[in-house]
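Residue-level listing of the chains:
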Amino acid sequence: MARLGRLSKGFLRPGGPLPRPIRPAGPVIAPSPTRLRNVPDTPRPRYTRAPPVLRFKALNDPRAADADAGSRSSRGLARDLGPDRAAACARLRALARVRRRYGRLFLALPLLLVVLADLRIRGDRLLDLSGKHAASYLGAMVESAALWGLLLFAASSRRGASRWIAALLFVTLATLSLGGQLYFHRQYATYLNLDATLFGTSLSSSLFGQLRADGENFLHSVLPPLVLAVALVWLGRRIVRPGRTAGARAARLAAPAAVVAAFVLPCSYRTVQASTPDVIYFHAIGGLLKELAGVQTTAQVRPGLRTPPALPRLIPEPGPRRNVLFILTESVRADATCSAPAPAGDGAAPADGGAGSAACPGTPRIDAAAPGRLPLLQMRSNASTTAIGLAVLWSGLQPIATREELHTAPLVFDYADAAGFDSAYWTSHHMMFANSRLYVQDLPVSHQCGATELDPLADIDLGADDRLLSAHARSELLSLREPFLAVAHFGNTHVPYLVDPEDAPFQPALESKAPDDNEAYRNFYRNAVYRQDAAIAELIRFVRSSPVGERTVIVFTSDHGEAFREHGQLGHTGSILEEEIRVPGWIDAPPGTLTAAEEAGLRAARDEPVVHTDVAPTLLDLMGLWEEPALAAYRAEMVGRSLLRPSPGPAALALTNCTGIWGCAFKNWGMMRGHMKLESRAWDTAWHCYDVLADPREQRDLGPAACGDLPRLADAIYGGPAGSVDVPVHLRDLAAGPRRD
């Protein structure tokens, strides 16, 4: 028994403590002495303590113990746990092989999702890419694959704090880049790029105001990428599970380098946006960070301080004595109001300005306040940006004039002052909006106010309440010395639109910018125009009932229109298509304030295409200054004509939202002569030509040749369609020297 004890001790755990004797329930069969004598005396391996079942077998059935010991191998725990556990280990080994085989493919899944989303959003444009643009897109795909693949690989690690940092970066960047681009494209039919980023952040108060107003739709855009990114990290930790190899460590170290590279590597963000949306986003944010760090990457063009020349004394020509009230509104498109008076007896609004005009539902009170106005039914702006529109309306210059020309040219206020007119500029716009105060702070006017003078807490987008502006103008108008030029500039129809919920006839109306709510959002806008109608009509009625009313000519238009996804974009500055540049226009002149020839000229312009470059000449003509010899040099720079005179025929006019007074948020430009329009947007590598009279919705592209010599003239001005030019020719001198004013 002593030898048996030594044998069991050595067989189970040589050198270890003597195990506790096992007392089996049945009889113990002693081994044969001969078998014990044949056990070789060899060095005893140091086994770990055997499980109780094996210890029992070792003491009671040495042959079974030998068989169990021989079945052990290097396959891990399964050598001791039976065939079921061995099969489980085999399945785990098979799963490991699958992971190694398909884990790399899983890392390419983020790129696949990005490209599929891009195809869904703008597949038609991507299919048109060729040559260098197609190569640019392929390069962006490589960049995108490296960024997301490396981040997801690092986030899929089995342990370590770095995997949580990588996961946070992966989820955050995917949510912002893809969700942000999805939201932006739904608004503007293009992706957020560097130009739009610099534009938006320079108006940070406006930007955050828009997010507050449309935060729900922003969340709807970013939630799907957020959920998908979290799911990819969760799956990655079950499918990829990188090991501790040298290659895995190198990939983890490369992940942060890929993030940095995404923000600094160049991409095709202007030319046709020939990159994946995430790469365009990272380039835009990288450029913004450079700007914030003091490394300028592009010109930030905003209105600056004017330095107009000293004009000589101007003598108005003999004619009717008249004052001029120029009423200018914001973002009102032609079909949101009515330029022509409602026909008598056709449901016209009552004289007291109450609502109810079936013929003029958008602005019934203006319709009633100026029933004798002479309409300009084909009025268009030269741009869909307020700053550009004001410069054109007040100077008469084209938007392609140089920055120096736009800041040194006299404005209608300067001409009026030189002619002895009293002047006023009242606006409900916020003067902090894009350096507006600099441009108008030195106007030679006796009366001036902005939004903060009307309301110290005025919103930067909406400005002060238009009703406050109307009341302020009424309080000061009679103190103006005759003759006078007064400009009343209303702003509550700027996005996000000021609406009176208690007086909003256009329903259903929603503030949501979601594509599915487009028509309800358009109604929301129409209710803002309807609210503003009351404030403007009140000013018109006051003028007409005042002592100066019979000598005051009222001119009315809007700075630009507003898009509601007719061609994909929402709001303004996105294009020069009809929804953004066709605006209302009319002139209301009391009897005796126009000569017969002037009235005939104005009536002849009713259905002719007229443009905002015609407004300054018309205002000068109303002040009796259009033929003043001292203005010959300035008049030569104006391509427009006075609407009080016979038309000399249509001229070729530039249309653009990229100018020396306001930079490109979105590249778009073209030309117009009469009813033929040539246009292009950021992704267009060819010109589009439309006949806006025959096709007012611009659904039929006639091809560049149909616009005659306009493509040749436009190529000389801009360098080509917007999608084929990084910086238009007329702005290249400005782009060479970035400005911050």
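Since the model is a prediction, treat every value here as computed from it, not as a measurement. (Residues numbered from 1 in each chain as written. Predicted model: local features only at pLDDT ≥ 70, side-chain atom pairs only at ≥ 80, totals over all residues. Heavy atoms only, no water.)

Section: the overall build of the chain
Step number 1: Along the backbone of the chain there are 27 helices and 15 strands.
Step number 2: A burial count over the chain gives 54% of its 741 residues as buried.
Step number 3: Long-range contacts, defined here as pairs at least 24 residues apart, represent 75% of the contacts in the chain between residues at least 6 apart.
Step number 4: Approximately 32,700 Å² of the chain is accessible, and the part contributed by carbon and sulfur atoms is 59%. (Helix = DSSP H or I, 4+ residues; strand = E, 2+ residues; numbered from the N terminus. Buried < 20%, exposed > 50% of the residue type's maximum accessible area, 1.4 Å probe, protein only. Contact = heavy atoms within 4.5 Å. Areas by Shrake-Rupley, 256 points an atom, 1.4 Å probe, with all protein chains shown as cover.)

Looking at helix H23 (residues 596-604)
Step number 1: Listing the buried residues of H23 in full gives Glu-598, Gly-601 and Leu-602. Buried positions in H23, seen along its axis, are confined to an arc of 95 degrees and lie on one side of it. Residues Ala-596, Ala-597 and Arg-603 are exposed on H23 and point more than 90 degrees away from its buried face.
Step number 2: Taken together, the buried residues of H23 touch strand E2 (374-375) and strand E10 (585-588). (Arc of directions from axis to C-beta.)

Topic: the state of the cysteines
Step number 1: Throughout the structure, instances matching the rule amount to three disulfides.
Step number 2: One disulfide in the model links Cys-658 with Cys-664; its S-S distance is 1.8 Å. Its S-S torsion of approximately 135 degrees makes the covalent link between Cys-658 and Cys-664 right-handed. The same class applies to Cys-658 and to Cys-664, which are both buried.
Step number 3: Ordering the disulfide-forming cysteines of the chain by sequence position, one finds them joined as 1-2, 3-4, 5-6. (Disulfide = S-S within 2.5 Å.)

A short note on unusual backbone geometry
Glycine aside, the phi torsion of most residues is negative, and most peptide linkages are trans.
Step number 1: For the bond from Glu-482 to Pro-483, the omega torsion is -5 degrees, close enough to zero to count as cis.
Step number 2: When you line up the elements, Pro-483 lands in the loop between helix H20 (466-477) and strand E6 (484-489).
Step number 3: The linkage connecting Val-495 with the following residue, Pro-496, adopts the cis geometry, with an omega of 15 degrees.
Step number 4: Mapped onto the fold, Pro-496 is located in the loop between E6 and helix H21 (518-545).

Comments concerning the sheet that holds strand E15 (residues 688-691)
Step number 1: What the four strands build is an open sheet, ordered E12-E13-E14-E15; its pairing is antiparallel. If you trace the sheet from one side to the other, it starts and ends with strand E12 (653-656) and E15, each paired once. Here the average twist between neighbouring strands, direction ignored, is 20 degrees.
Step number 2: Of the pairings in the sheet, the one linking strand E14 (residues 676-681) to E15 comprises four bridges and is antiparallel in character. For Met-676, the partnering residue across the bridge sits in E15 and is Asp-691. (Pairing = 2+ DSSP bridges. Axes fitted to C-alpha atoms, helices over the stretch in contact; angles between N-to-C directions.)

Overview of the confidence of the model for the chain
Detailed reading of the predicted coordinates is not advisable wherever pLDDT is low.
Step number 1: Taken residue by residue, the chain gives an average pLDDT of 82. The fraction at 70 or more is 79%.
Step number 2: Contacts of residues 1-18 to residues separated by more than four positions or lying in other chains number 27 contacts, the stretch itself having pLDDT below 50.
Step number 3: The low-confidence segment residues 45-50, where pLDDT is below 50, has 14 contacts with residues more than four positions distant or belonging to other chains. (pLDDT = per-residue confidence, 0-100.)

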